[in-house]
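# Structure assessment
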Amino acid sequence: MKRVQISDNFYLDEFIPPDIYSERGEKAIALIDHRIVLAAQFLRETIGKPMIINNWWRGGKFTKRGLRRWNETTGARWSQHKYGRGFDFHISGMTPSQIHSIILQNEEMLINHQLITVLEDLRDTPTWVHCDCRFTNSEKIVIVRA
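Now for a look at the structure at hand.

Quick notes on the rules
Residues numbered from 1 in each chain as written. Predicted model: local features only at pLDDT ≥ 70, side-chain atom pairs only at ≥ 80, totals over all residues. Heavy atoms only, no water. Helix = DSSP H or I, 4+ residues; strand = E, 2+ residues; numbered from the N terminus. Polar contact = N/O pair within 3.5 Å; in protein donor to acceptor, adjacent residues only side chain to side chain. Buried < 20%, exposed > 50% of the residue type's maximum accessible area, 1.4 Å probe, protein only. Contact = heavy atoms within 4.5 Å. Phe/Tyr/Trp six-rings, centres within 6.5 Å; stacked < 30°, edge-to-face > 60°. Lys NZ or Arg CZ within 6 Å of the ring centre and 35° of its normal.

### Focus: the side chain of S79
In this structure, S79 sits in the loop between α2 (34-47) and β1 (86-89). Within the structure, S79 has its side chain in polar contact with the backbone nitrogen of H81 (distance 3.0 Å).

Quick look at the structure:
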């Protein structure tokens, strides 16, 4: 199985769990909303540091930070991950609070392009950041509790 690059800094496997990647290969791209890839790429360029979403391809432990199967018990029953619209990540050397600040500094652009519409509350994400692009009908990024 080959690795599929989907943006300047990201590969498909970073958004897809290994079992689905094994089943569908590069066709798995149809299961994720392109806006989460655009959001991740924007954050990578803005922050200037690599982010860790799924890292199973390189032997890491993260497999469920992008798309999740409908029968997956990780996360909420109606999680945006199950629709291919959410992703979790961390950046070495940065706190989730620092990352939230950068996202909120860019709120107008992110909302206008519907790249990030929701962040999970920092009280629920002590070591990572959750972003998604669900429809909220809001002119601001919505902060939700888990």
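### Description of the environment of Q41
Examined against the element boundaries, Q41 turns out to sit in helix α2. What makes Q41 buried here is its relative accessible area of 8%. As for Q41 and R69, which are separated by 28 residues in sequence, their C-alpha atoms are 24 Å apart. Residues within four places of Q41 in sequence aside, it is in contact with S7, D8, N9 and F10. Side-chain polar atoms of Q41 contact the side chain of S7, separated by 2.8 Å. In terms of polar contacts, Q41 uses its side chain to reach the side chain of E45, at 2.8 Å.

### Some details on the packing of aromatic side chains
Taken as a whole, this structure holds eight aromatic pairs when the rule is applied. Among the aromatic residues, those joined into a ring-pair cluster are F10, F15, F87 and F89. Sitting above the plane of the Y11 ring, R3 keeps its charged end 4.0 Å from the centroid. Above the face of the F62 ring, R65 is positioned so that its terminal group lies 3.7 Å from the ring centre.

### Brief notes about the side chain of T117
Positionally, T117 belongs in the loop between α4 (107-112) and β2 (118-120). When its relative accessible area of 0% is taken as the criterion, T117 is described as buried. Not counting residues within four places of it along the chain, the set of residues in contact with T117 comprises I111, D132, C133, R134, T136, K140, I141 and V142.

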